[in-house]
Amino acid sequence: MQSRQREWIAVVTPSQGSRRKISWDLVRAGCVTLVMLYHSTTVSVEFHPEIEPRTFYFPYQVGASLLLAISAYFACVTIGRGTVFRYWWGRLARLLPAFVAGSVIIFLLTRAYYIEGWYWPTTRDLVEHLLMLWHWAPQRFEFIDVAHWTVPLQLMGFTAAALLYRGRWGHGNRIVWVLWLAVLLPILQWPIRVSDPEPLYRILVDGFGLHRWHMFVAGVAIWLWAIKRRLSDAHFAVLLATCMFAQWLHTFAPNAEGVLVPDVGSSVGVSLGLCVIAFVARGPDWDAVVPQALRRPIQWYAGISYGVYLMHQSLGHMVVRRLQDLGAPTLVQTLGMLVTGVLLGWMLTRMVEQPAYRYLMELHDRFLPVRKPAVTAA
């Protein structure tokens, strides 16, 4: 059933009887785990200097970027099933209810268990967060949870995919031209981006997420190469390498002396991850190497991963700080954040994401049923 098709859109929940390769669930689960490791061992210390350095340290920004590429890949896989509007409605039904509920829960718990000296979110902050205003002016609008930066980018990406699919530029060779434009335009404007441009320029560039377009391009390119076979090996390699170059440019940031330097480790990690995604898309399933006993836990974890992604960071940092105050070792603190993210993510998935998605898709099908072609007598 189309409404129960399991797919990655940000993160989604697997349905019974889906035949998706276990390799996709493993990659998705791995990416979300990398996100949590980065936020628990690196970002927690950067955001809250009183938190002691971790014994285990993972400093690479890899997981969230790869999730964008996976999201774009499965957008291509699913967009042709049913009407374009149903596809777009389904993506909103997946993303928005859990995002809204998760943001409100984080807001309430952050205030209820406030840590002295930490960020105290106001009701206005919550409203601005739900309106996703931070991409347009991050220096003005606060995040309730910084991990939520991917949500508006995915909404824009899915909307762009629907519009392209409805028009001629989403088909044939034209889509390849669109991909090249989408990856080259941010590269060409990079010197402007790092030269302290006018505020209006930053509002438009950051608001539309130009500096992340290459990850969506990578996902679509993998689909065109692995599934549709519409890109030759050489063309695909050049396009994917260009996306990797764009990711390397994206990581440039000023050091303590004010000199722009790249994050080589994160760039290499994302590049390797894109190669893994391409291999999973075109290669055989990993069922021969994944033990049977691990498959259901992997599928379960992958199925709740959007909820985990939404819920783990801000509240997880609070858990880290509370455990530190109790004298727990840093490894226990990190483990506490991971467990908290999984538990809250599971609750959000079961109580909000799944039932809201089912209700909204049933609502769509009730008012906009799929019309079957009339059968005429011979």
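From a predicted model like this one, the values you see are computed outputs, not experimental measurements.

A.B. asks: Where do I start with the side chain of His129 in this structure?
C.D. replies: Topologically, His129 is positioned in helix α4 (residues 123-130). Residues within four places of His129 in sequence aside, it is in contact with Phe99, Ser103, Trp134, Glu142, Phe143, Ile144, Asp145 and His148.

A.B. asks: Sorry if this is basic, but what is going on with a nonpolar patch on the surface here?
C.D. replies: Among the surface-exposed residues, Phe245, Trp248, Val264, Val268 and Leu272 lie close enough to one another that they form a single nonpolar patch of about 460 Å² accessible area. Elements with a minimum of two residues in the nonpolar patch: α9 (233-250) and α10 (264-282). Element by element, the count of residues in the nonpolar patch is highest for α10, at three residues. Along the polypeptide, Val268 turns up in helix α10.

A.B. asks: Hey, could you run me through the confidence of the model for the protein chain in this one?
C.D. replies: Reading predicted coordinates in detail is not appropriate for stretches of low pLDDT. The predicted model of the protein chain has a mean per-residue pLDDT of 91, with 93% of residues at 70 or higher. Note that pLDDT drops below 50 for residues 1-18; the model gives that stretch 60 contacts with residues more than four away or on any other chain. pLDDT under 50 marks residues 373-378. Its contacts with residues more than four places away, or in other chains, come to zero contacts.

A.B. asks: Just checking my understanding: could you explain the packing of helix α6 (residues 174-193) against helix α7 (residues 199-207) for this structure?
C.D. replies: To characterise two packed helices, one gives the angle between the axes of the helices and the distance between these axes. Between α6 and α7, whose axes approach to 12 Å, the crossing angle comes to 145°. Pair α6 / α7 crosses with left-handed handedness. Counted together, Gln189, Ile192 and Arg193 of α6 and Tyr201, Arg202, Val205 and Asp206 of α7 form the full contact between these two elements.

A.B. asks: Looking at this model, I keep getting lost on the nonpolar core. Mind explaining?
C.D. replies: Within soluble globular proteins, side chains that are nonpolar tend to cluster in buried spots. Counting 101 residues, the largest nonpolar core has Leu274 and Ile277 as its most contacted members. Among residues more than four places away in sequence, those in contact with Leu274 are Leu66, Ala69, Met215, Ala218, Ile222, Leu240 and Met244.

Parameters at a glance
Residues numbered from 1 in each chain as written. Predicted model: local features only at pLDDT ≥ 70, side-chain atom pairs only at ≥ 80, totals over all residues. Heavy atoms only, no water. Helix = DSSP H or I, 4+ residues; strand = E, 2+ residues; numbered from the N terminus. Contact = heavy atoms within 4.5 Å. Patch = residues over 30% accessible without salt bridge, like charges linked within 9 Å, V, L, I, M, F, W, Y side chains within 5 Å. Areas by Shrake-Rupley, 256 points an atom, 1.4 Å probe, with all protein chains shown as cover. Salt bridge = Lys/Arg side-chain N within 4 Å of Asp/Glu carboxyl O. pLDDT = per-residue confidence, 0-100. Axes fitted to C-alpha atoms, helices over the stretch in contact; angles between N-to-C directions. Left-handed = near helix turned anticlockwise from the far one by under 90°. Core = buried A, V, L, I, M, F, W, Y, C linked by side-chain atoms within 4.5 Å. Buried < 20%, exposed > 50% of the residue type's maximum accessible area, 1.4 Å probe, protein only.

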